[in-house]
Every structure is written in C-alpha cells, then in structure tokens.
Amino acid sequence: MRTKRHYGNIMYDRRVVRGNTYAKHIIPTTAQPDPAEIRRQQANRRRAIARKQAREQFRPNTPEALEGRKHTDVQTELYLEELSNIIATTDIECQTDPFLDRPATPLFIPAKSGKDVETQIEEGELFDFDVEVQPVLEVLVGKTIEQSLLEVMEEEELACLKAQQRAFEELRNNELAEVQRLQEMERRHNEEKERRIAQQREVLRKEKEIAEKIAARAYTQQYLAGLLPAVFTSLRSHGYFYNPVEKDIETNFFPWLMDEVNNRVERRCTAREILDSKRHCYFILFVDDNPFF
C-alpha cells in the first residue's frame, strides 16, 4: 500500500536563524494522521502486550523454599567472578585543543525590491477643498443629527421601558403578595384540617377504648357472676371456709370422744373376757366336786 506524499511550501517553511536560511523540516499541508495507520499501530501494540503477558505466564518459576531455608543466587558460569557493589574505576587524562570563539552573526538585511518613482502635483490640479468638502460636511452633519435623534428616541424608549418595567414589577409584587397570602391561608386551612382530623381520631380512639372497657366490664361481671359461687363452694368443700366451733368439735372433740369410747369398750371387753374365764373355771370346779355329775 503506497502512502500519499504531501508537499509543502519550501520557501514558506524556511526559517531565518542568525542571518542564515535553512529548511529545518517540511510541514505537511494536512496534519491529520491516517486512521487506518493509527488502528494498525494500536493492534500491533495490543498484540505485543498480549505476547509479553503470555511469555510471563508460561515462564517456569522457581518453587518456594522449604520452611527454615531460603533461596540464594549462585553463579553457574564456567569461571567464577567476584560480585561486589564497588565498581572498579580508573583515571584517564587527555588534552584538547583550546576552544575557539564563534564570530558574531552579521545582521540580516533583506534585499530591496521594487522601483522608486515620484510625481509632482500642482495646486488646484486634484480638487477644490471648499467645493469638495460640502457633500462630506452635509453627510457628517446629517449623520450627526440622525444619530442624535436616534439617541433621543432610544432614551425615550428606554424611559418608557423602565416605566413599564416598574409597573410590571409592582404588579408582580402585588401578585406575589397575593399568592403568598393565599398560600398562607391554604397552609392554615391544612393545619386546621389536620388538627381537626387528629382530634376526631383521638375522640374515636377514646370512644373505642371506652366501648372496649364497657364490653370487658360486662363480660367480667357476667363471668364472675357464676364464678364466685362456684369458687366459694369449691373452697368450702375443700375446707378453706369453716365454722370454728364445728371445726374444733370435728378436729378435737370427736377424736377424743372416739378414743375414750374405744378405751371404755376395750376395758369392758377385757373385763367380760376375764369374767367369762373365771366363770368357766368355777363351773369346772363345781362339776368336779358334785357327785351327781
């Protein structure tokens, strides 16, 4: 692919430095680079970066050292060389020629071009000032008067605009004041409405609480109406409510009485047993002594 060669103006691109002319470089007429060339360079740069990353990735690395050990750089060349941070240096001297001063640059004076001519004009040959100046003066005076009239009309127009602006500002200020008044009124109405709504909600909440309390009270009374007798009956049946005299008789007198009765019955039974045994003995003795039996 052949690139298009640009040509420039060699004489324009020459520069004058210290009286000498030379063409340092030729500036192309179009400084815009070729987009295709830019894309090709970017693609080459990306491919080079990718190849470098691939080489770094597939390059074999030294394994990590074992615990308690460390890696050390070792020379593997055929001949060993002493490694030191001190660089060996030597001093060498030489003599140069004396420096010659550069001569002063002569002043650049461009070459003269063209021809010198002259002419002679006598008085009255070209124009008459008094005659030729009249239309110029008329134009100047007319333009001055016209400009003055325009300035006066502009001042009057500006005054009218300022008056209209003041009237508009007054009207706008009045409208803004009215809008602010209406906004304030609307705000007060909204606050009053919200306050009334809050009050109504509070009244409804209190009415609901009162209704719930009344319902709870009625339910409690209805539930306790049959609960209290049943509780008292159950407590009375379990012995929590009792007559002290009756309780004393049941706990103290009746056990004592039963013990006394049992003791008397036991003594009577014992006496009867003893009596029966004695009677049996008397009967046997009587039979043994009686000859009729």
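Residues numbered from 1 in each chain as written. Predicted model: local features only at pLDDT ≥ 70, side-chain atom pairs only at ≥ 80, totals over all residues. Heavy atoms only, no water.

- The name given to the chain in an unreviewed UniProt entry is Radial spoke head 3, with Oreochromis niloticus as the source organism.
- In its Subcellular location (unreviewed entry) section, the UniProt entry covering the chain states "Cytoplasm, Cytoskeleton, Flagellum axoneme".
- For the record of the chain, the UniProt heading Sequence similarities (unreviewed entry) holds the text "Belongs to the flagellar radial spoke RSP3 family." (UniProt positions renumbered as here; feature names shortened; annotations may be inferred.)

Observations concerning the overall build of the chain
Part 1: Helices and strands together make up the secondary structure of the chain, namely four helices and two strands.
Part 2: Reading the secondary structure of the chain in the N-to-C direction produces α-β-β-α-α-α.
Part 3: Across the 293 residues in the chain, those meeting the buried criterion constitute 1%.
Part 4: At a minimum sequence separation of 6, the contacts of the chain that also span at least 24 residues come to 22%.
Part 5: For the chain, the exposed area adds up to about 30200 Å²; of that, 57% sits on carbon and sulfur atoms. (Helix = DSSP H or I, 4+ residues; strand = E, 2+ residues; numbered from the N terminus. Buried < 20%, exposed > 50% of the residue type's maximum accessible area, 1.4 Å probe, protein only. Contact = heavy atoms within 4.5 Å. Areas by Shrake-Rupley, 256 points an atom, 1.4 Å probe, with all protein chains shown as cover.)

With respect to a nonpolar patch on the surface
Part 1: Together, Val245, Ile249, Phe253, Phe254, Trp256, Leu257, Val261 and Val265 line one region of the surface with nonpolar side chains, adding up to about 700 Å² of accessible area.
Part 2: Looking at where isoleucine 249 falls in the secondary structure, it is placed in helix H4 (residues 244–289). (Patch = residues over 30% accessible without salt bridge, like charges linked within 9 Å, V, L, I, M, F, W, Y side chains within 5 Å. Salt bridge = Lys/Arg side-chain N within 4 Å of Asp/Glu carboxyl O.)

With respect to helix H3 (residues 129–237)
Part 1: A rise of 1.5 Å per residue sets the reference length of H3, with its 109 residues, at 162 Å; its end C-alpha atoms lie 152 Å apart and thus fit the reference within 8%.
Part 2: Bending of H3 peaks at approximately 30° at the position of leucine 224. (Expected span 1.5 Å × (residues − 1). Bend = angle between axes of the 7 residues up to and from the residue.)

Let's talk about a negative patch on the surface
Part 1: Side chains of Glu151, Glu154, Glu155, Glu156 and Glu157 sit close together on the surface and give a patch of like negative charge.
Part 2: Looking at the secondary structure, you find glutamate 154 in helix H3. (Lys, Arg positive; Asp, Glu negative; His and termini not counted. Charge placed at Lys NZ, Arg CZ, Asp CG, Glu CD.)

Some thoughts on the packing of aromatic side chains
Part 1: One pass over the full model with this rule turns up three aromatic pairs.
Part 2: A ring pair is formed by tyrosine 219 and tyrosine 223, whose centres lie 6.3 Å apart and whose planes are at 15°; its orientation type is stacked. One end of the pair, tyrosine 219, and the other, tyrosine 223, are both in helix H3, four residues apart, so they sit about a helical turn from each other.
Part 3: Residue classification places tyrosine 219 among the exposed positions, given a relative accessible area of 57%.
Part 4: Ring geometry for phenylalanine 253 against phenylalanine 254: centres 6.1 Å apart, planes inclined by 45°, an arrangement best described as tilted.
Part 5: Judged by its relative accessible area of 40%, phenylalanine 253 falls in the partly exposed class.
Part 6: Linked through ring pairs, Phe253, Phe254 and Trp256 together constitute an aromatic cluster. (Phe/Tyr/Trp six-rings, centres within 6.5 Å; stacked < 30°, edge-to-face > 60°.)

Digging into the confidence of the model for the chain
Part 1: Per-residue confidence for the chain averages 79 on the pLDDT scale, and 83% of its residues sit at or above 70.
Part 2: Here residues 1–31 scores under 50 on pLDDT; set against residues more than four positions off or in separate chains, the count is 25 contacts. (pLDDT = per-residue confidence, 0-100.)

Overview of the pattern of salt bridges
Part 1: Inspection of the entire model under this criterion finds nine salt bridges.
Part 2: The salt bridge partner of lysine 112 is aspartate 116, with a shortest N-O separation of 3.0 Å. Both residues of the pair, lysine 112 and aspartate 116, count as exposed.
Part 3: One salt bridge connects glutamate 209 with arginine 205, and the closest N-O pair in it is separated by 2.5 Å. In this pair, glutamate 209 and arginine 205 are both assigned in helix H3, four residues apart and thus about one turn of the helix distant.
Part 4: The class of glutamate 209 is partly exposed, set by a relative accessible area of 33%.
Part 5: Overlapping salt bridges bring together Glu184, Arg187 and Glu191 as one network.

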